[in-house]
Amino acid sequence: MRALTALAVADFRERTRRPAYLVILAAAVALAWLTIPPADSLWVIMNAGGYRGVYNSAYVGTATALAGALWLMIGGFYVVRGAVARDETTRVGHILAATTLSRAGYLAGKFISNLMVLASMAGVLAVTAFVLQLARGESRSVDPVALLAPYLVLTLPVLAATAAAAIVFETVPALRKGLGNIAWFFVWMTALIAGAGSPFGGLAEVAASMRQAVAAQHLSRAGEFSIGFTQVDHPLATFAWSGFHPDGGYLVGRLTLIVLAACVAVLPALWFGRFDPARGRAVADRAARGDRVAGAERVVGAERVAGADRVVGAGRVVGADRVAGADRVVGAGRVVGADRVAGADRGADGMPVLAYAPPRPRPYPKLSAVRAQRRLATVRLLAGEVRILMQGVSRWWWLVIAAITAASVAIPLDAGLPAGVLLCAAWIWPILIWSRLGTQRHENGLEPLLASYPARRRQLAAEWPAGVLLTALTGAGPLLRMTFAADGAGVAAWVAGALFIPSLALLLGVATRTHRVFQVTYVILWYAVVNQIAAADYMGVVLVDGHRAGPPPAALAGVAAALLATAATIRAARHAAR
């Protein structure tokens, strides 16, 4: 128990020192301000059918608790996600694997730390709600129980489920990276719809309680209850509300949800290896029959091995701790019976020392002089950026793009299939590749090397067109369909969108140095367009009375240019600060 508590507390402290944590806290404060707006505001978060409660402790606590559950389930997930991956990257997990801490204990510690981070954000939201109740001045009588109880009943179960889901997503290989970020957004949307407007319920009970209060005060009938940032035609009318009083069955259901979340959090102990080398032997044994192995613990008979702890009879080995019978070894800690050894001491007979042979530091070899080839340098640089951007893309990915393009061309124009539908499908598919823009050099540790490149601006200027080419290629089918239909406005919107998407990806990648921000931001933006929100329409697919209602293509292209210029400025500033 002591080790579990220490793990949770240390992990909590580490994550609260990050800038992303402060950003989420600031967002929580802003969320509270929007949820408890001034009395004459036309923008509201919670609308009780044209009414709102008088700003007393019960209403302020309930409204902010519901909004907090809604926001922290989506925003908090991306903050707490990554705890397991970080232990693997920093090799802290390998140290923990050498302790007596069990896999279930390790996962329980991560669950507790996740919940602590999310609960601290909810705590900031509650404090802000208290301040806003006093600032609005409609009721200066503060009831701590009425203010905080909604957080325990409505918000805490959602936070527990979010903390558990973050662990499950990190331990399932298919959800560990970008696909998991996208999948969680749709999980959140599903919970939003299935939970009667609020994740995992609560809103329906609160709405029923408020309707009863409106009816008891003989006010006109309340309309549809909603939660979400919306604009109203006139300021909401007020009514007195003493709070939501759940029965015992409801409280048991919320407590059950927390217990289930804790059980789900430790469920990955069934398959999660917790960085234990012994768990990797099965993988290594399978790799023994392969041609190339990377990062295995023990390998037998492979042709090329990188980063293994123990290798027997391999053709070429790099960075192993112990090697026996290999043909060529580089930088190994201990070598037995190898024919050729680089970086190890040799005896008087010229043979490698068959004992401990630590790698010796060697000066960097001098590079041979080459003549700068300025001819077609930009083209070669662009081709290189395209290859880097598209590396590792499977043939199945290309088949989907080919299917969308074929459907765009083959389906008759009078079949009733708008090009916008195909464009929405085409411009969500490359999201994981777009998110590589601006991030790969940092994540692969190449920034110090690339910083010495003599034409840094040219490099950025090649990275962005690579993203534009990808965007144009994936949207080529809908573009052809618009061209066949003589849709000039659609083509102009398509061009602006093709400039905007890689610019947004490059800016977020350069600024944050992580894929995650673009993946989340773009999914939200794309979802808004699919739901016909004209202000977010960067593809030109939202039509009102047959006309495009989104931003003008010229304005969107200008935004793209501003995003690109900002990305270049950030990268130049970082280079100047070295």
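Everything quoted here is computed from the prediction, not taken from an experiment. (Residues numbered from 1 in each chain as written. Predicted model: local features only at pLDDT ≥ 70, side-chain atom pairs only at ≥ 80, totals over all residues. Heavy atoms only, no water.)

Mind showing me how you'd approach the overall build of the protein here?
Each helix and strand counted, the protein has 22 helices and 15 strands in total. Long-range pairs, those at least 24 residues apart, make up 68% of the contacts in the protein between residues at least 6 apart in sequence. Accessible surface computed for the protein: about 28500 Å², of which carbon and sulfur atoms make up 65%. (Helix = DSSP H or I, 4+ residues; strand = E, 2+ residues; numbered from the N terminus. Contact = heavy atoms within 4.5 Å. Areas by Shrake-Rupley, 256 points an atom, 1.4 Å probe, with all protein chains shown as cover.)

Sorry, what's going on with the pattern of salt bridges here?
Pairs can form between side chains of opposite charge once their charged atoms are near each other. Counted under the stated rule, the structure contains four salt bridges. The closest approach of N and O atoms between Glu138 and Arg52, which form a salt bridge, is 2.7 Å. Placement of the pair is Glu138 in the loop between α6 (103-136) and α7 (144-171) and Arg52 in strand β2 (residues 51-53), with a sequence separation of 86 residues. The closest approach of N and O atoms between Glu463 and Arg571, which form a salt bridge, is 3.3 Å. Of this pair, Glu463 sits in helix α18 (residues 456-474) while Arg571 sits in helix α22 (residues 553-576); the two residues are 108 residues apart in sequence, bridging distant segments of the chain. Per residue, the accessibility class of Glu463 equals that of Arg571, and both read buried. (Salt bridge = Lys/Arg side-chain N within 4 Å of Asp/Glu carboxyl O. Buried < 20%, exposed > 50% of the residue type's maximum accessible area, 1.4 Å probe, protein only.)

Can you walk me through the packing of helix α14 (residues 419-426) against helix α19 (residues 476-484) in this structure?
The geometry of a pair of packed helices is captured by two quantities: the angle between their axes and the separation between those axes. Packing of α14 against α19 brings their axes to within 8 Å, and their N-to-C directions diverge by 165°. In terms of orientation, α14 and α19 fall into the roughly antiparallel class. Judged by the sense of rotation from one axis to the other, the crossing of α14 with α19 is left-handed. Of α19, the residues touching α14 (which contributes Ala419, Leu422, Leu423 and Ala426) are Pro478, Arg481 and Met482. Of the residues assigned to the contact of α14 with α19, the class counts are six nonpolar, no polar and one charged. (Axes fitted to C-alpha atoms, helices over the stretch in contact; angles between N-to-C directions. Parallel < 35°, antiparallel > 145°, perpendicular 65-115°, else oblique. Left-handed = near helix turned anticlockwise from the far one by under 90°. Nonpolar A, V, L, I, M, F, W, Y, C, P; charged D, E, K, R; others polar.)

Please clarify how the pairing of strand β1 (residues 43-48) should be interpreted in this entry.
A regular strand carries its side chains on alternate faces of the sheet. Burial analysis of β1 places five of its six residues in the buried class, which makes it a mostly covered element. In terms of strand pairing, β1 meets strand β3 (residues 225-231) through five bridges, oriented antiparallel. Opposite Trp43, over in β3, you have Gln231 as the bridge partner. (Pairing = 2+ DSSP bridges.)

How should I be thinking about the side chain of Asp87 in this particular structure?
Tracing the sequence through the fold places Asp87 in helix α4 (residues 83-89). Asp87 gets classed as buried once you look at its relative accessible area, which sits at 7%. Within the structure, the side chain of Asp87 is placed 2.8 Å from the side chain of Lys110, a separation counted as a polar contact. (Polar contact = N/O pair within 3.5 Å; in protein donor to acceptor, adjacent residues only side chain to side chain.)

Just to check I follow, could you spell out the packing of α6 against helix α10 (residues 248-266) for this structure?
Direction vectors running N to C along α6 and α10 enclose 130°, while the axes themselves pass 8 Å from each other. In this view, α6 runs oblique relative to α10, as classed from their interaxial angle. Crossing angle aside, the handedness with which α6 passes α10 is right-handed. Between α6 and α10, the residues in contact are Ala104, Leu107, Ala108 and Phe111 and Ala261, Ala262, Ala265 and Val266, respectively. Residue classes in the contact of α6 with α10 are distributed as eight nonpolar, no polar and no charged.

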